[in-house]
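Coordinate inspection notes
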Amino acid sequence: MVLLSESHFSRAFERIKQDSVEGNCILFVASDVDAICACKIFQSILKADLIQHKLVPVSGHHDLEKASKTVVADDPELRSIIMINCGAPLEVFELFGQREEVQIYVIDSHRPFNLDSCLPESRNVFIFEDVSEKSKLNEYLDAYEDIMVDEDENDSDNDGSNDEEDDDGRPRQRRRLTEGGGEGLSRAEIRRKRQRQQRLLTEYYESGVYHANSTAGQVYALATQLARTNNDLLWLAIIGVTSQYIFERIDTDKYSNYISILNDDVTRCNLTLGEGVMRTGDSSIQTEEDFRFMLFRHWSLQDSMYHSGYVASKLGLWKEFGRRRLLNMFAKMGFSIQQCEQVYTHMDKELKEILRNKIETVAPLYGLTDICFPSFARTFGWKQRFSASDAVYSLATLLETSPESAIRLGEDVLWNQDEDWDALEEVEGEHGDGLSSIRRRWWMRNFYTVYDSMDSAEGLERGVKLCMKVQRAVVRQSTAVLEKRAVRVIKNFRTVVMRDGPDLQLFQHPLTLSKLALFLTDAYREHGNRNLPFVIASYDEAHESFLVVATTGAPTFGHTRKNPFGIAFQKAAERTQARISFDSFETSVLQIHKNDLDLFIENLFVAA
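Residues numbered from 1 in each chain as written. Predicted model: local features only at pLDDT ≥ 70, side-chain atom pairs only at ≥ 80, totals over all residues. Heavy atoms only, no water.

A closer look at the overall build of the protein chain
Scanning the protein chain for helices and strands turns up 22 helices and 17 strands. Here the protein chain holds 608 residues, and 58% of them are scored as buried. Sequence separation of 24 or more characterises 74% of the internal contacts of the protein chain that already satisfy a separation of 6 or more. (Helix = DSSP H or I, 4+ residues; strand = E, 2+ residues; numbered from the N terminus. Buried < 20%, exposed > 50% of the residue type's maximum accessible area, 1.4 Å probe, protein only. Contact = heavy atoms within 4.5 Å.)

In structure tokens, the structure reads:
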């Protein structure tokens, strides 16, 4: 395995370029906004060098295993595999058949890595690492290699041989006990060192999963090194980074680092003709302070604030008192209720011009101290203007909403028609672990719809309209949960089980369920006694199973917390013999049979 720091990304691409002369290239891409943005940037780089490649979307481990047995195994000329947001926790060299001629490049924000992929045996694996993690990751690798050496030596002693080879006769090339810090140490000191290293590795794996960066940001760094950047790729990088921040996968410090880098490129690539001057067909990107209430350019000011987790949690908008506070804030700003109920584009021009100043002045009086954050917006000629957060909300909704649900909500989304999706849906129902889920039937259609919509004003607009209606359902469900006191506290986490309701079918995608969990987390962070993780289950009646998602909200807004529920889920499943499927790349997501859910949750324990 080779760890690639950012300064060496271009070297990896040169290897891909050389290998493409005599072989094929495959991109495996996870089904999330950041990954799809990274994919489009990477494809742009490949196309610039006329490198032929195949795109294979994957929604989980079952898709990767299936592709390994078909797409990979059936291609003797394959030379490069690029894994975007889908390879970090896996032993990828073994997954793809340990083919020596194939180089595997992992660009993934998920942590922790599977350290088995980091051993010398996996020297065909190249991992794009985050510079902020380099020293810590090297410490984990040293500890892992030392412990593996000890195990190998014990096996060698038992076999009476010091020479160890793999099954194929290739030397392992691991460090011996006396290498890398073992010289001059007594056996007791070496034993204590190994105990410290074992604790270090236990902490690495069991402290929880987290996201280290944005894959779109990493691939954009590669484009920068190759001098291939343009406004379209810059916009994709901005969307990817913003999606990681909005869905609380990276904290404010990491986001601010990205913003400072992207801001320089925005300035360089978008020279203005003068204040207020716009060229015909202009598609420029501008820096701006965005608000923490969603889609305000496309919604009314009142609806935008009411349906945003940040404002709703601070003001307690699920209560009558909270709703009165919101109206009182509008009055203090000097905005009439009639104007606040108007769609933003129909508000008085004078009010729109003073909106930002009024909000920055009045909002802190109501506890909304972080109402703005640095961001960007893009103009699509005279058609429309979208902030980065607008694009993220739009694309995420197109990714998570089934075509049937969109029709039920009254939105006519122009879904991708490149394939006969109806025929594919007939064979895409199984997870491969004895359980099924309804989203298996439509996720790939949604993937390509998002892929097509990223640089389309019309596509983003359709996603925005759908997002408004989905977000109303999220807030309706959250309000019902809070008003009915449907939240149970079990040990040291909160849980909600959704067994029925008019909006139940909307909550059959992990992203939608995570939005609900984050909304409830914000509410309890501001108004609850303790800030506890949330475990939420939504019933899939057609397949007699529950989709379960666990989130760990940070103590304060703008921070993140590691999610330890992946291991907790596995241990609870072992104790209860529950029928479950871990098919998602997010370890805190699972599908479980309806008869096993209650006992599973009762046996779920996560360290405080």
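Here's the deal with the environment of proline 57
Secondary-structure assignment places proline 57 in strand E3 (residues 54-58). A residue is classified by how much of its surface remains accessible, and proline 57, at 7% relative accessible area, is buried. Residues proline 57 and tyrosine 448, spaced 391 residues apart in sequence, show a C-alpha to C-alpha distance of 8.9 Å. If near-sequence neighbours (up to four positions away) are discounted, proline 57 is found in contact with Val29, Trp443, Met444, Phe447 and Tyr448.

Description of empty space enclosed by the protein
Here the structure, examined in full by the defined rule, presents five cavities of 30 Å³ or more. Taken as a whole, the largest cavity holds about 880 Å³ of empty space. As for the largest cavity, its lining consists of 45 residues, of which His211, Arg249, Ser514, Glu586 and Val589 are closest to the centre. The set of elements that each furnish at least two residues to the lining of the largest cavity consists of helix H2 (33-48), strand E8 (210-211), helix H8 (231-246), helix H15 (388-400), helix H20 (510-527) and strand E15 (545-551). (1 Å grid on protein atoms, 1.4 Å probe; cavity = no way out; pocket = protein on both sides within 12 Å on 5 of 7 lines; lining within 4 Å. Points joined across faces, edges and corners; volume = space filled by probe spheres on them.)

Examining the nonpolar core
In this structure, Leu27, Phe28 and Ile41 are the most contacted members of the largest nonpolar core, which totals 163 residues. The biggest single contributor to this core is helix H19 (residues 457-483), with eleven residues. Those residues in contact with isoleucine 41 that sit more than four places away from it in its chain are Ala216, Val219, Tyr220, Ala223, Leu233, Leu236 and Ala237. Residues Phe291, Met305, Tyr344 and Val362 belong to the second largest nonpolar core, which totals 29 residues. (Core = buried A, V, L, I, M, F, W, Y, C linked by side-chain atoms within 4.5 Å.)

A few points about the pairing of strand E5 (residues 103-107)
For E5, the buried fraction is high: five of the five residues fall into the buried class. Covered by surrounding structure in E5 are Gln103, Tyr105 and Ile107 together with Ile104 and Val106, the residues of both alternating faces. Of the pairings in the sheet, the one linking strand E4 (residues 78-84) to E5 comprises five bridges and is parallel in character. Bridge pairing in E5 links methionine 83 to valine 106. Relative to strand E7 (residues 125-128), E5 runs parallel, the two being bridged by three bridges. Following the sheet pairing, valine 106 is matched in E7 by isoleucine 127. (Pairing = 2+ DSSP bridges.)

Focus on the packing of helix H7 (residues 215-225) against H8
Axes are the key here: two packed helices are described by the angle between their axes and the distance separating the axes. Two numbers describe how H7 lies on H8: the axes approach to 8 Å, and their chain directions differ by 155°. The angle between the axes of H7 and H8 places the two elements in the roughly antiparallel class. Between H7 and H8 the crossing geometry is left-handed. Residue-level inspection shows Ala216, Gly217, Tyr220 and Ala223 of H7 in contact with H8, the latter providing Leu233, Leu234, Leu236, Ala237, Gly240 and Val241. For the contact of H7 with H8, the class distribution of residues is eight nonpolar, two polar and no charged. (Axes fitted to C-alpha atoms, helices over the stretch in contact; angles between N-to-C directions. Parallel < 35°, antiparallel > 145°, perpendicular 65-115°, else oblique. Left-handed = near helix turned anticlockwise from the far one by under 90°. Nonpolar A, V, L, I, M, F, W, Y, C, P; charged D, E, K, R; others polar.)

Structural notes on the sheet that holds strand E12 (residues 488-490)
Taken in spatial order, the six strands line up as E12-E13-E14-E15-E17-E16 in an open sheet, and their pairing is mixed. Each end of this open sheet is capped by a strand with a single partner; those strands are E12 and strand E16 (580-581). As defined by bridge partners, E15 adjoins strand E17 (residues 589-593) across five bridges and the pair is classed as antiparallel. Within E17, the residue paired with phenylalanine 546 across the bridge is isoleucine 592. Taken strand by strand, helix H21 (residues 565-576) contacts strand E13 (493-498), strand E14 (534-540), E15, E16 and E17, and its axis lies near 140° from that of E15.

Observations concerning unusual backbone geometry
Note that the residue after arginine 111, namely proline 112, is joined by a cis bond; omega there is 10°. Looking at the element boundaries, proline 112 is found in the loop between strand E6 (110-111) and E7. Of note, the phi angle at leucine 50 is positive, near 55°, even though the residue is not glycine. One non-glycine residue, glutamine 577, lies in positive phi territory at about 55°. Tracing the backbone through its elements, the reader meets glutamine 577 in the loop between H21 and E16.

Examining the side chain of asparagine 231
Topologically, asparagine 231 is positioned in helix H8. Residue classification places asparagine 231 among the buried residues on the basis of a relative accessible area of 16%. If near-sequence neighbours (up to four positions away) are discounted, asparagine 231 is found in contact with Cys269, Asn270, Ser283, Ser284, Ile285 and Arg378.

Describing the pattern of salt bridges
Using the criterion set out here, one finds 26 salt bridges in the structure. The salt bridge involving aspartate 503 is made with arginine 476; its shortest N-O contact spans 3.1 Å. Placement of aspartate 503 in the loop between E13 and H20 and of arginine 476 in helix H19 is noted, with a sequence separation of 27 residues between them. The closest approach of N and O atoms between aspartate 522 and arginine 525, which form a salt bridge, is 2.3 Å. Taken together, the positions of aspartate 522 and arginine 525, both in helix H20 and three residues apart, correspond to about one turn of that helix. Of the two residues, aspartate 522 and arginine 525, both sit in the buried class. Each of the salt bridges in this network shares a partner with another, and the network as a whole consists of Glu288, Arg297, Arg385 and Asp390. (Salt bridge = Lys/Arg side-chain N within 4 Å of Asp/Glu carboxyl O.)

Points about the environment of tyrosine 258
With respect to the element layout, tyrosine 258 can be found in helix H9 (residues 252-269). Once the C-alpha coordinates of tyrosine 258 and serine 214 are considered, the two residues, 44 residues apart in sequence, prove to be 9.0 Å apart. Aside from chain neighbours lying at most four places away, what touches tyrosine 258 is Asn213, Ser214, Gly217, Val241 and Ile250.

A look at the packing of H8 against H9
As a packed pair, H8 and H9 sit with axes 11 Å apart at the nearest point and diverge in direction by 165°. For the element pair H8 / H9, the angle class is roughly antiparallel. The way H8 lies across H9 gives a crossing that is left-handed. The residues of H9 that touch H8, namely those facing Asn231, Leu234, Ala237, Ile238, Val241, Thr242 and Tyr245, are Thr252, Tyr255, Tyr258, Leu262, Asp265, Val266 and Cys269. Grouping the constituent residues of the contact of H8 with H9 by class yields ten nonpolar, three polar and one charged.

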